[in-house]
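Breakdown of the fold
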Amino acid sequence: MPRINRIAPFALTVIIGVALQILFIFPDIKDTPAKAVIEFTEAYFQADKAMADRLCEESKIVNNIDVVDQYIQKKNQEASDRGFGMFYMSDSVYNLRTHMIHQDDSSVELRLTGEAKPALKAFFTEEAAKPIDEVVRVVRHNGKWLVCGNIFSIAG
């Protein structure tokens, strides 16, 4: 009997831990406008092609040009011209916050705030973080929230 009393608290702790993990997974799976904006922003500042997954079709192609490919090529060229790899040119984003401005049936307008800081470059040059302050329109398309518009002047 004493052996069972020692195992019971451990087993109960494991069961509660597994149940909490399952409980915490469900909110993370749900797609929201804020999640779409944050995922796009992180991919944009890392110059990751995954940003295209969160862009609506009208924002991906402007004047028959794939703006995501153009942006990534521009960043690669800039890194190459400076003699660096792409990691040196990418930024890390911090303190991202979204605030709802307007919502209707199929679209949401959010204000995104935060800061972007060059990951490696800032360490050596003490470069300050750049503020992020954008108004972003997000639309629901086939059950997925997508970022629309010229966010961060990606097409510019």
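Please refer to the structure placed before this passage.
The model shown is predicted, which means the values in this text are computed figures rather than measured ones.

1. Section: the pattern of salt bridges
A full pass over the atoms with the stated rule returns 8 salt bridges. When the shortest N-O distance is used, the salt bridge between E39 and R54 registers 2.8 Å. Pair noted here: E39 is in helix α2 (residues 33–45) and R54 is in the loop between α2 and α3 (57–60), with a separation of 15 residues, a long-range link. K49 serves as the salt-bridge partner of D69, at 2.2 Å between the closest nitrogen and oxygen. Of the two residues, D69 sits in helix α4 (residues 67–82) while K49 sits in the loop between α2 and α3, which places them 20 residues apart along the sequence. Members of the salt-bridge network, linked through shared partners, are D31, E39 and R54.

2. Describing the state of the cysteines
Here is the idea: a disulfide is a covalent bond, and it sits between the sulfur atoms of two cysteines. Summed over all chains, the structure comprises 1 disulfide. Across a sulfur-sulfur distance of 2.1 Å, C56 and C148 are joined as a disulfide pair. Taken as a pair, C56 in the loop between α2 and α3 and C148 in strand β6 (residues 144–148) lie far apart in primary sequence, 92 residues in all. Taken as a pair, C56 and C148 share a single burial class, namely buried.

Analysis parameters
Residues numbered from 1 in each chain as written. Predicted model: local features only at pLDDT ≥ 70, side-chain atom pairs only at ≥ 80, totals over all residues. Heavy atoms only, no water. Salt bridge = Lys/Arg side-chain N within 4 Å of Asp/Glu carboxyl O. Helix = DSSP H or I, 4+ residues; strand = E, 2+ residues; numbered from the N terminus. Disulfide = S-S within 2.5 Å. Buried < 20%, exposed > 50% of the residue type's maximum accessible area, 1.4 Å probe, protein only.

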